[in-house]
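# Close look at the chain arrangement
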Amino acid sequence: MRKQFSNILLSLSISLGAISSVMPLTTKAAEAPLVGTTVKVDQIGYLLSADKVALVTETTAADQFQLINLDSNKKVYSGKLSAAVNDSNSGDTIRKADFSSYKEPGTYVLQIEGGGVSYPFRIGEDVYRNSLLQAIRSYALGRSGTAISDGLTGLFHQAGHTQDKQALMYFTDEFHQKGDIIDVSGGWYDAGDFGKYIPTATVSTAQLLLAYEFAPSKFYKGQMVLPEGSTNDSKLPDLLAETKFELDWMKKMQRGDGSVYFKVAGKGWPGFIKPELDIQDRYVYGMSTYGTAQYVGVMAMAARIYQSFDTVYAKELLNNALKAQQYLEKHPSPEFRSDKDQDSGSGAYGKTTDNEERIWAAAELLKTTGNRDYDLYIKEHFADQLTQTSGPISWANSILLGQYAYASSEHADTSLKEKVKVAILAYADSVLEKISNDGYHVALSTDQYGWGSAKDSVALGNVLLLANTLSAKEAYVQGALDQLHYLLGRNATGYTYMTGSGTKMPLHPHNRIMAGTHTYIPGLVVGGPNKFGGDPTIDRILKDADGSIPPAKAYVDILDSYSTNEHAIDYTAPVAFALAYFTKGDIAMAPTPTADDHNVVSNAPKGNVERNYIGAFGSSDPFSDPSSKITRTISSDGLLNVEYNLHPGGWLGAPASVNENWSDFSGMNLDVKGGTGNSIRVELTDGNGVHYEKIIVDDAKEGKTVALLFNEFTQRKDYQPEGVDMKKSFSLNPVRGLTLSPLSGEGMITFANLMLIKGSS
């Protein structure tokens, strides 16, 4: 039970960075609905130089709003709300609170005079840095066939699906007999299940590679603080080391004639168990020309990108792409093999067309090789379709990847290239028009609130970013940023659709690793609102509502709702691309990593002696086990009030994520007030994931300041996460998190002014 509660508490934490998850301006539970329900913001934050707009659904409140700095608790900006507009997809009446002219870094909330208040958010140049790292790191935590021991999240499990080294052919073809053994080990788990699929693998990897190709300086070795089992022993940036892991799996899926098998999975859907407990036989299913063409596209792209790091590997990737392209040219008609019951324990991903993917394949080969035969091939077979309006990048339609590869290629026909640019720009302009007509500035039409709507909004924003490289327009960049704002909380439900980011984030995504290990994993993008339903949970809710739930609100944070609350690798990929585009600051100026007694190496930002870290604990609804209960609330004057009724042991506490380098500090000062006489464990999770503690006593009714010197912390004897190496020395680079845990009794304790002390420990 201790492990379960410890890991569940991670789900109540804020993101791994320095975003404060506070509930300001109120300490009464009855007032809690005012927070975040009517004032919608990007809960991660806003860039200094970009537009900053909150959306307000109150119609009876006053017209004025105030921006409040949470560090000083002072009003720093005020303004007037815009006129109201009606938003058909949400049913909300919306007014704008525009504070774009305010450009001071810090942590803030926005309050309506006499009305609601937003969740906290930051203003700065680095606001998206941690969400980006969480997104790309989530792939390393979703590796198949890999034992994971992660000090950052506490995730620990043995290698899962090692039987993929001896997967069985599900059918007979000219290369294998049914039941033959094939090694298809490795790769990423696709989504909430344990399947591995070529279509989602290719488009996910391609978008991550595109993020790198857009700005290589934003990615470097040591960036992701990779878990044990997924460490980067190469010279590659961490992102490219991770995409290589997926590319290496895809290579194993290629048949002798160049075509590519479709997926790897078991015959039955496993329960919510650890990966290593799913011991059913695994099978290689299907073959498709559309998946083979996607394989060509991503292999050709990767060959171009890896060339500067490993010429031998790049050549191997290109040869694989060429071999698959030869198969496609010999088989010009779409092929999709589907055998009886092949979808009994995995997704279908069926598709009957493949021109979109063939275009991508040939365009990437043209861009990578410069061989103009591919240009002639495109013009002969696909010239008309290449210049038509496309759609956002998805597993079902990757033509935009092909259009962009062609439009950005130095070897493409000049005349056709110009027509392709026109088509992309026309599509981008149509996306802009939808954004301007939507109350929440979302690029989704009513019918696009279906499976994966959250990532679709960002993918549509990415259309604008691609268009911006062809014809720069400020509106393109702002429109794309609006889609990130939507994903990260400025939407009708008030949720961020990404685990670990923001205050109101998904806590119960449909994910077998999370549920099976009781460990919260940040960086996973979930499906979002789905007006069409598709699972028993949301179907029942929609039916009972009898049409009263608007499309933009058809979402539930429930484990069983796989049509709204499941993550997928192709949901996270477009978000990672957008986050990378908008990430600025120290990520491009990373310090050179150094090792310290073989501790985890980190490039985490340094702590700030002027910052009050109390805000990092945030507020929460009451959390309990059968015999204990704890609630934490941040008051308007920046105090953390912890109300509790606990049995001995302190299983429940008030957690905060930090992920900062505190090696230049000797400790912390903390004000404690309550006079309950109860002991409190101040718990620190170090850079290696080891839990350290210092016990203090709440024995001053009028309050006291306690010095928490780091050299006085000792390892917890009664609990450590599975798999952590307790022999490693105490590491403050980074400090993962803090927890304040009353050890017994009941009452309320107030904490304030948690400040770092200068001087190395």
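Our subject is the structure that appears above.
Our subject in this report is the structure included herewith. (Residues numbered from 1 in each chain as written. Predicted model: local features only at pLDDT ≥ 70, side-chain atom pairs only at ≥ 80, totals over all residues. Heavy atoms only, no water.)

## A short note on the pairing of strand β7 (residues 92–98)
For the record, the criterion: For two strands to be treated as a pair, DSSP must find no fewer than two bridges joining them. Put simply, DSSP H or I for four residues or longer makes a helix, DSSP E for two residues or longer makes a strand, and each gets a number counted from the N terminus.
In this sheet, β7 lies alongside strand β3 (residues 53–56) in antiparallel orientation, the contact comprising four bridges. What sits directly across from Val56, in β7, is Arg95. Note: strand β6 (residues 85–87) against β7, three bridges, orientation antiparallel. Paired with Asp87 across the two strands is Asp92, which belongs to β7. Where β6 folds back on β7, the antiparallel hairpin that results is connected by four residues, among which Gly91 adopts a positive phi of roughly 75°.

## Regarding helix α15 (residues 569–582)
Where we set the bar: Each residue after the first adds 1.5 Å to the expected span of a helix. Exposure categories follow from relative accessible area, calculated using a 1.4 Å probe and restricted to protein chains: below 20% of the type maximum is buried, above 50% is exposed, and the middle band is partly exposed.
The end-to-end C-alpha separation of α15 is 20 Å, in line with the 20 Å expected for 14 residues at 1.5 Å each. Counted residue by residue, α15 has 13 buried out of 14 residues, so it is predominantly covered.

## Quick look at the pattern of salt bridges
As a reminder of what qualifies: Salt bridges are counted wherever a side-chain nitrogen of Lys or Arg sits within 4 Å of a carboxyl oxygen of Asp or Glu.
One pass over the full model with this rule turns up 33 salt bridges. Among the ionic pairs, Arg255 bridges to Glu174, the shortest N-O distance being 3.8 Å. Linking Arg255 in the loop between α4 (238–252) and β15 (261–266) with Glu174 in the loop between β12 (167–169) and β13 (181–182), this pair joins segments that are 81 residues apart in sequence. In this structure Glu174 comes out as exposed when scored by relative accessible area, which is 61%. Salt-bridge contacts for Arg304 lead to Glu364; the nearest nitrogen and oxygen are separated by 3.1 Å. Of the two residues, Arg304 sits in helix α5 (residues 289–306) while Glu364 sits in helix α7 (residues 355–369), which places them 60 residues apart along the sequence. Grouping residues by exposure puts Arg304 and Glu364 together as buried. Among the ionic contacts, a cluster of salt bridges with common partners joins Arg681, Glu683, Glu693, Arg716 and Asp718.

## Observations regarding the nonpolar core
Short version of the rule: In these notes, a set of buried Ala, Val, Leu, Ile, Met, Phe, Trp, Tyr and Cys residues joined through side-chain atoms within 4.5 Å is what counts as a nonpolar core. Throughout, a residue-residue contact means that at least one pair of heavy atoms, one from each residue, lies within 4.5 Å.
Among the nonpolar cores identified, the biggest contains 138 residues, and Tyr128, Ile136, Met250, Tyr306, Tyr406, Leu484 and Leu487 are the most heavily contacted of them. By residue number, the principal contributor to this core is α5, which donates eleven residues. When near neighbours in sequence (up to four residues on either side) are disregarded, Tyr128 contacts Asp42, Ile44, Gly45, Leu47, Leu481, Leu484, His485, Leu488, Leu579, Phe582 and Thr583. If you look at the next biggest cluster of nonpolar residues, it comprises 38 residues, including Leu640, Val642, Ala654 and Tyr692.

## Points about the sheet that holds strand β26 (residues 735–742)
An order of β20-β26-β22-β23-β25 is seen for the five strands of this open sheet, with the pairing classed as antiparallel. The open sheet terminates on both sides in strands that have one partner only, identified here as β20 (654–660) and β25 (714–715). Pairing between strand β22 (residues 679–685) and β26: six bridges, direction antiparallel. Paired with Arg681 across the two strands is Ser741, which belongs to β26.

## Considerations on the side chain of Lys40
The line we're drawing: For this count, His and the chain ends are skipped, Lys and Arg are scored as positive, and Asp and Glu as negative. We define a polar contact as two N or O atoms separated by no more than 3.5 Å, with the added condition that, inside protein, one atom must be a possible hydrogen donor and the other a possible acceptor, whereas residues neighbouring each other in sequence contribute only through side-chain atom pairs.
For Lys40, the location among the structural elements is in strand β1 (residues 39–40). No salt bridge is formed by the buried Lys40; the nearest opposite charge belongs to Asp92, separated by 4.8 Å. Here the side chain of Lys40 touches Asn491 through a polar contact of 3.2 Å, landing on its backbone oxygen. Within the structure, the side chain of Lys40 is placed 3.1 Å from the backbone oxygen of Ala492, a separation counted as a polar contact. Beyond its immediate chain neighbours, meaning those up to four positions away, Lys40 contacts Ala54, Leu55, Tyr440, Gly489, Arg490, Asn491, Ala492, Thr493 and Gly494.

## A short note on unusual backbone geometry
Between Asn733 and the following residue, Pro734, the backbone shows a cis peptide bond with an omega angle of 0°. Along the chain, the position of Pro734 falls in the loop between β25 and β26. The phi dihedral of Val225 is positive, around 45°, even though this residue is not glycine. One can find Val225 in the loop between α3 (198–214) and α4. The backbone phi angle of Asp546 is positive, close to 55°, even though this residue is not glycine. For Asp546, the location among the structural elements is in the loop between α14 (536–545) and α15.

## Some thoughts on the packing of helix α11 (residues 453–470) against helix α12 (residues 474–487)
Here is the rule: Comment: axis = line fitted to C-alpha atoms, over the contacting stretch for helices; angle = value between 0 and 180 degrees taken between N-to-C directions. Any angle between 65 and 115 degrees counts as roughly perpendicular, while under 35 counts as roughly parallel, over 145 as roughly antiparallel, and the rest as oblique. In this scheme the crossing of two helices becomes right-handed for a clockwise turn of the near helix relative to the far one and left-handed for an anticlockwise turn of less than a right angle. Any residue that is not Ala, Val, Leu, Ile, Met, Phe, Trp, Tyr, Cys, Pro, Asp, Glu, Lys or Arg is counted as polar, Gly included; the first ten are nonpolar and the last four charged.
Viewed as axis vectors pointing N to C, α11 and α12 meet at an angle of 160°, and their least axial separation amounts to 8 Å. Overall, the two elements α11 and α12 adopt an arrangement that is roughly antiparallel. As α11 runs across α12, the sense of the crossing is left-handed. Contacts between α11 and α12 pair Ala454, Ser457, Val458, Gly461, Leu464, Leu465, Ala467 and Asn468 from the former with Tyr476, Val477, Gly479, Ala480, Gln483, Tyr486 and Leu487 from the latter. Per-class residue counts for the contact of α11 with α12 are ten nonpolar, five polar and no charged.

## A word on the pairing of β20
Counted residue by residue, β20 has seven buried out of seven residues, so it is predominantly covered. Inspection of the sheet shows β20 paired to β26 by five bridges, in the antiparallel sense. For Pro655, the partnering residue across the bridge sits in β26 and is Thr739.

## Quick word on the packing of aromatic side chains
Rule in force here: Any Phe, Tyr or Trp ring, taking Trp's six-membered ring, that has another such ring centre within 6.5 Å forms a pair; planes under 30 degrees apart are called stacked, those over 60 apart edge-to-face, and the others tilted.
Considering all chains together, one arrives at 35 aromatic pairs under this definition. Seen in terms of ring centroids, Tyr306 and Tyr313 are 5.5 Å apart; in terms of plane orientation they differ by 75°. Their pairing is edge-to-face. Owing to a relative accessible area of 0%, Tyr306 belongs among the buried residues under this scheme. Judged by its relative accessible area of 6%, Tyr313 falls in the buried class. Chaining the aromatic ring pairs together yields one cluster made of Tyr46, Phe65, Tyr77, Phe99, Tyr102, Tyr108 and Phe121.

## Quick word on the sheet that holds β1
With respect to topology, four strands assemble into an open sheet ordered β1-β3-β7-β6, the strand pairing being antiparallel. A strand with exactly one partner marks an edge of an open sheet, and here the two such strands are β1 and β6. Relative to β3, β1 runs antiparallel, the two being bridged by two bridges. Within the sheet, the bridge partner assigned to Val39 lies in β3 and is Val56.

## Remarks on α3
Along an α-helix, residues three or four apart share an orientation, since each turn contains 3.6 residues. The end-to-end C-alpha separation of α3 is 24 Å, in line with the 24 Å expected for 17 residues at 1.5 Å each. For α3, the tally of buried residues reaches 15 of 17 residues, placing the bulk of the element in the interior.

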